[in-house]
Each structure stands twice: as C-alpha cells, then as structure tokens.
Amino acid sequence: MIELHRVWKVYSVGPVKVPALSDVSFRIAKGEFVVLTGASGAGKTTLLRLLYRDDLPSEGDIEVLGYDLVPLRRSRVAALRRSIGVVFQDAKLLPVRTVYENVAFVLRVLGTPRREITQRVFDALRVVGLSARAQAYPAQLSQGEAQRASLARAIVRKPPLLLADEPTGNLDDAMEAEIIDVLKDIGGGGTTVVLATHQARLAASLRRRTITLEGGRVVKDEG
Amino acid sequence: MLGFLIGEAFRDLRRAGRVAVSAIVLITLSLAALGGFWLVSSNLERAVAKWRERVRIIVYLKREPPAGEAAALVERVQGVPGVAGVLYISKADALASLKTVLGKDASVVAQLPSNPLPASLEITPAAVAATPEGARVLVERLASLPEAEEVAGSADWVERLSQWQRLLTTIGLGIGAVLAIAAFLTVATATTLILHARRRETEIMRLVGATEMTIRLPLLLQGMLQGLLGAVLALTALVATHGLVAPRLAPLVSLTLGLPEIAFLPPLNLAVLLLAGTLLGGLGGCLARAGREA
C-alpha cells in the first residue's frame, strides 16, 4: 500500500540546506491505521505531502497504491489523488456552499453521474454523523462539525487511503473524541488511515501502530 | 460533467462582478464599431459594384455611317479587347433622346436648323476594363479607330468611391482592433480576479484528482461567455440602430449611391462577429491563466 525507501527531503534556505526528512523508510500495509507523531516541525506534514504527491523527495523512492511517485507524470498525479482522501487541520470548506454542496463538489468535479451524487453524499454524511446539517453553511458549523464535513468530503469517493494531517489540532477534547471515533470507523471499514498528530497523549490513547518522527528521522515505529 | 463546468463558468462570471461587466461592455463597443463600419462598407461595396456595371464609354463618330455600314462598324468595335457590348446611336436616335431629356422644353429642338448631334457608339466595357487603368487603355484603343472623332468616359469616379469604401473598412478595423485589445485585457483582468476568488476551489480540485482540463475549462468558458454576451449585445445594438436609421436615410442613399435601401449585414458576417467576440473572450481567459502559471 505505502512504501518509503531511504527518503530525504531537503529545503534550501539561501545557501543553507535544511533537512525536513532524513533517511525515512517504512511500510504500511493495506487496511492499517497508523499514527504519525512528533513535535511540530518533526516532518509529519512534509511526509504526508510526499504521500499525495504534493511535493517530491530530494532522494529516495516512494510507492503509494502501486504508483511509483518519483517518476510519476503530472497527468498521472490526478489518477493517484482520486484514490486518496486528505483532511487538514483547517477544514478547507468552500464558504459559499452548503455542507452538502461541499461534499458533492468533489463528486461533480470528478464527473460522477448526478443520480449517484445525492446517495453517496448522504452516505458519507451519515458516516460522520452530519446528515442533519447538510444544508448548513460552513459559517454556521462548529469547528468539530466543520472537520466532520471535511472528513465526509475526503471519504465520499470511498478512497482506499485516507491521510489526516492534524485533524483535531483546533478542537477541544469532546470534538477531538468525535473525530477520532469517525476515523476509527473509517479505518474499521478497510480504509488505510494515516493520522498525523503532534499530541503524544492522543497517539498513545489510540493504541495503534505509531511512527514517531524527530527532526525528520523515524525514531520509533511500534505497535 | 458539462453541466457542472458551465455552472462553474456562470458562478465565475458572477464573482468577477463589475470587471466582467466592463469587459462585456468593451467587447460590445468594439464589435458594434466593427459591425457598424462593416455595414457601411458593405453597402458602399454594393454601390461600387452597381456603378461599375453602369460605366459606359461613348465614341463620337466623325460622320454618320451609311445604313449598310453601321452594322459592320458595330461588329468591328465588338472585337476590340475590353469591349463587352456596343450600341449604335444614330444622329436621329441622339436627337430623340435629347428630346426625351428636355421633356416639355423639347420644342427648342425644332428651332435648330439641322441636327447638330453626332452619331455615336455606346460601349459597355468588360469587367477588366471597368477599372481606371482598364478604362484608360480601352479609351486609347477606341480613339485610334479611324471613324472616331472623340472618345468620352472613364471609371475614375467609381474607383474613388471604391477607395472611400476601403478607407472606411480600414478605419473600422482600426477602431475595432483598439477596442478589442482593451476588451481582451479587461477579460484577462476579470479572469485573474476569478482565479484569485476560486483559489480554494482550485486547491480542492487538484487535491481530489481533477484533471487540468476540468480545472481550466470553466475559466475558458467564462471568458467565452463574456465574449458571446458582448457580441450578442453588439448585434442587438446594430439591428436596433439599422432599424431606426436605415429607413430615414434610404432616400438620400438612393439619390447619392443609387441603392434602393441600406442593407443589413448578411448572416455570415453576423456569425463572424459572434465568433470573434467568443474567441476574444476565450483568449482573454487563456491569457490570465498563462500569466498566472508563468
């Protein structure tokens, strides 16, 4: 499903080279729920961006869902991303569209037949427990609801891989628990989930495989 | 999918707001100017064509040929290069014609001691000889006939009319081009604003694996929509102006140019204007995208 082999990512800041990831290698099997943890700046977001091919590594090889990402052509990147759901700390909802329209937008962009859209959107909203708020606008949602809407948008295409970058970073404990429950449900349905969080407490409470990054290096891979 | 793309294009148009309206107005002005000059120019072209057909060269004869020789003379002149038709006008025919022209004053002709009018040949030039240069060559050829006393006529004034028509076309194209450039840049500005307003949509679209075509097509479509709207408004303005002005100018045009009415642009020209507006808008949309990606 996911395989990284001796991956480096180095940013140049003027003459200075700053390594964001150093010699990172690991494998994630299909259906696994993996927590990626580490302090802010440890390289979690950089790693996730490499996984959905938003950036390229400076060195090393990455394979995701059978795609070799380094030589992957731009035209094939779209095909890769159609199999990946991504959630961010900021829900990134479109403010002038309702929750329903935000989730449906993804399907419409990908040319899903109109008759399928309604059913699939309400299926996704039911998974995240947001069916009753389908006609609400993002400004009318709590942060937890907005994040659940964002999750619905990520899973509406039923992708085999879900990447979640600090999805609970802005939430209080109750809302965090809601999101984590939803993520567990999604993972339980066979979707591979990679959850990045800086909250060591959250990572420990999940009792899943946890990869810990420090200064861009994998220092622990357990569970 | 097409419905989605068109829906996004309309949404983008609304986002661009006043800038899109300015672009549409500029496209309307440029195409209305172009169409207006085209309309005048095409009518002048019709007049030129009509008057070219009416160009005649008259060969006044030294003496009236005897009855049996006139037909042979006509046949000989018919063979001169550049001559399409020859009509022999005898002295009597010329006098009758003068009487017709004089109308109620025709009685003055009776006071003449003899018929002073010469016999003549009325020459219809072929198309090649209906130009100033062609007409001059033909006049020289006809003047060298031993029977010719004097040769009158040229195509100079028709050519001057033709030059006016070309000048009008050039002015129209010039004004239309300047306004079109302004419209093009305004569409590009409107599209740049749209790009800024829809950056989050674009981010999401790329994230979920939309193709570049799906991302770009609404931008192109909204530009084309601006162009098409501008073109439709320009044509509406042209139709309304023509309907209002043409009947009032018809007598003047008939008197000066000999045209029965001011004709509107043919359907092909209207299609060209619509296409030009649509392409202009589409190019503006493309330019904004190219600038952003550069």
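Since the structure is predicted, the reported quantities are computational estimates derived from the model, not experimental observations.

**Overview of a nonpolar patch on the surface**
All names here are of chain B.
At step 1: The grouping of W164, L167, I171 and I175 at the surface amounts to a nonpolar patch, some 400 Å² of accessible area in total.
At step 2: Here I171 is to be found in helix α5 (residues 156-197).
At step 3: Taking relative accessible area as the criterion, I171 reaches 38% and is therefore assigned partly exposed.

**As for the interface of chain B and chain A**
At step 1: At the interface, 19 residues of chain B touch 21 residues of chain A.
At step 2: A combined buried area of about 1800 Å² lies between chain B and chain A, and 60% of that area is made up of carbon and sulfur atoms.
At step 3: A per-residue breakdown of the area chain B buries against chain A is headed by R200, L207 and V208 of chain B, which together make up 34% of the total.
At step 4: Counting across the chain B and chain A interface gives four salt bridges.
At step 5: One salt bridge in this structure joins K92 of chain A and E203 of chain B, with 3.1 Å as the shortest N-O distance.
At step 6: At the boundary of chain B with chain A, the tally comes to seven residue pairs in polar contact (both at pLDDT 80 or more).
At step 7: Among the residues forming the side of chain B that touches chain A, the class breakdown is seven nonpolar, four polar and eight charged.

**Digging into the sheet that holds strand β5 (residues 67-68) of chain A**
Residues and elements named next belong to chain A.
At step 1: Reading across the sheet, the four strands line up as β2-β1-β4-β5 and stay open at both edges, with antiparallel pairing between neighbours. Of all strands in the sheet, those with a lone pairing partner are β2 (16-28) and β5, marking the two edges.
At step 2: Bridge count between strand β1 (residues 2-13) and strand β4 (residues 59-64): five bridges; the pairing is antiparallel. Following the sheet pairing, E3 is matched in β4 by E63.
At step 3: Taken strand by strand, helix α1 (residues 44-51) contacts β1, β2 and β4, and its axis lies near 120 degrees from that of β1.

**Comments concerning the packing of helix α3 (residues 99-109) of chain A against helix α1 (residues 2-54) of chain B**
At step 1: Closest axis-to-axis distance for the α3 of chain A/α1 of chain B pair is 9 Å, and the angle between their directions is 120 degrees. When the axis of α3 of chain A is compared with that of α1 of chain B, the two are oblique. Of the residues in α1 of chain B, those in contact with F105, R108 and V109 of chain A of α3 of chain A are G3, F4 and E8 of chain B.
At step 2: Each residue belonging to the contact of α3 of chain A with α1 of chain B can be placed in one class, and the counts come to three nonpolar, one polar and two charged.

**Here's the deal with the pattern of salt bridges**
For side chains of opposite charge, pairing can occur when their charged atoms come near one another.
Residue and element names in this part refer to chain A.
At step 1: Tallying each qualifying case throughout the model produces 23 salt bridges over all chains.
At step 2: Linking R148 and E178 is a salt bridge whose minimum nitrogen-to-oxygen distance equals 3.2 Å. Of the two residues, R148 sits in helix α5 (residues 143-155) while E178 sits in helix α6 (residues 173-188), which places them 30 residues apart along the sequence.
At step 3: When its relative accessible area of 34% is taken as the criterion, E178 is described as partly exposed.

**Structural notes on the environment of A250 of chain B**
At step 1: Mapped onto the fold, A250 of chain B is located in helix α7 (residues 212-257).
At step 2: A250 of chain B sits 10 residues away from P260 of chain B along the chain, and the two C-alpha atoms are 7.0 Å apart.

**Some thoughts on the packing of aromatic side chains**
All names here are of chain A.
At step 1: Within this structure, the stated rule accounts for two aromatic pairs over all chains.
At step 2: Plain terms: the ring middles of Y100 and F122 are 5.6 Å apart, the flat faces sit at 40 degrees to each other, and that makes the pair tilted. Of this pair, Y100 sits in helix α3 while F122 is found in helix α4 (residues 114-127), placing the two residues 22 residues apart along the sequence.
At step 3: With a relative accessible area of 17%, Y100 lands in the buried category.
At step 4: Accessibility expressed as a relative area gives 29% for F122, which makes it partly exposed.
At step 5: Taking NZ or CZ as reference, K92 lies 5.0 Å from the ring centre of F88, over its face.
At step 6: The ring of F33 carries the charged tip of R208 above its face, separated from the ring centre by 4.9 Å.

**Side note on the nonpolar core**
Most often, soluble globular proteins keep nonpolar side chains buried together rather than apart.
Residue and element names in this part refer to chain A.
At step 1: V121, L125, L151, L162 and L183 are the most contacted members of the largest nonpolar core, which totals 51 residues.
At step 2: In terms of residue count, the dominant contributor to this core is α3 (eight residues).
At step 3: Membership of the second largest hydrophobic core comes to 33 residues, among which are L4, F26, V64 and Y67.

**Let's talk about the pairing of strand β3 (residues 120-125) of chain B**
Residue and element names in this part refer to chain B.
At step 1: The pairing of strand β1 (residues 57-61) with β3 spans four bridges and is antiparallel. From the neighbouring strand, I57 faces β3, where its bridge partner is I123.
At step 2: As paired strands, strand β2 (residues 83-89) and β3 are joined by six bridges and run antiparallel to one another. Across the sheet, the residue bridging to G85 is T124, located in β3.

**Some words on the confidence of the model for chain B**
At step 1: The predicted model of chain B has a mean per-residue pLDDT of 84, with 96% of residues at 70 or higher.
At step 2: Per-element averaging of pLDDT across chain B places α5 of chain B at the bottom with 77 and β2 of chain B at the top with 91.

Rules used throughout
- Sequence order as written defines residue numbering, which begins from 1 separately in each chain.
- Here chains are named by letter from A upward and ligands by number from 1 upward, in the order in which they appear as written.
- Since the coordinates come from a predicted model, pLDDT governs what is reported: local features require at least 70, and pairs of side-chain atoms require 80 or more to be given and counted, while whole-chain, interface and lining totals use all residues.
- The side-chain quantities take in all heavy atoms of the structure and omit both hydrogens and water.
- Patches here: salt-bridge-free residues with over 30% relative accessible area, like charges joined within 9 Å, nonpolar side chains (Val, Leu, Ile, Met, Phe, Trp, Tyr) joined within 5 Å.
- Only the protein chains shown count as cover for residues, and all accessible areas are computed by the Shrake-Rupley method using a 1.4 Å probe.
- Counted as salt bridges are all cases of a side-chain nitrogen of Lys or Arg within 4 Å of a carboxyl oxygen of Asp or Glu.
- Secondary structure elements follow DSSP: runs of H or I of four or more residues count as helices, runs of E of two or more count as strands, with numbering from the N terminus.
- Only protein chains enter the area calculation, which uses a 1.4 Å probe; residues under 20% of their type maximum are buried, those over 50% are exposed, and those in between are partly exposed.
- We call two residues in contact whenever any of their non-hydrogen atoms come within 4.5 Å of each other.
- Buried area is calculated as the accessible area (1.4 Å probe) missing from two parts once they are joined, with the contributions of both summed.
- Pairs of N or O atoms within 3.5 Å make up the polar contacts considered here, provided that, within protein, one atom can donate a hydrogen while the other can accept it, and that residues adjacent in sequence are counted only when both atoms are side-chain atoms.
- Charged means Asp, Glu, Lys or Arg here, nonpolar means Ala, Val, Leu, Ile, Met, Phe, Trp, Tyr, Cys or Pro, and polar covers whatever is left, Gly included.
- Here, strands pair whenever DSSP counts at least two bridges between them.
- Lines fitted to C-alpha atoms define the axes, with helix axes restricted to the stretch in contact, and inter-axis angles between N-to-C directions lie between 0 and 180 degrees.
- Here the word oblique covers every angle except those under 35 degrees (roughly parallel), over 145 (roughly antiparallel) and from 65 to 115 (roughly perpendicular).
- Each aromatic pair joins two rings of Phe, Tyr and Trp (for Trp, the six-membered one) with centres within 6.5 Å, and gets the label stacked for planes under 30 degrees apart, edge-to-face for over 60, and tilted for any other angle.
- Note on geometry: a ring has a charge over it if NZ (lysine) or CZ (arginine) is within 6 Å of the ring centre and within 35 degrees of the ring normal.
- We define a nonpolar core as any set of buried Ala, Val, Leu, Ile, Met, Phe, Trp, Tyr and Cys residues linked to one another through side-chain atoms lying within 4.5 Å.
- What pLDDT reports is the predictor's confidence in each residue, on a scale of 0 through 100.

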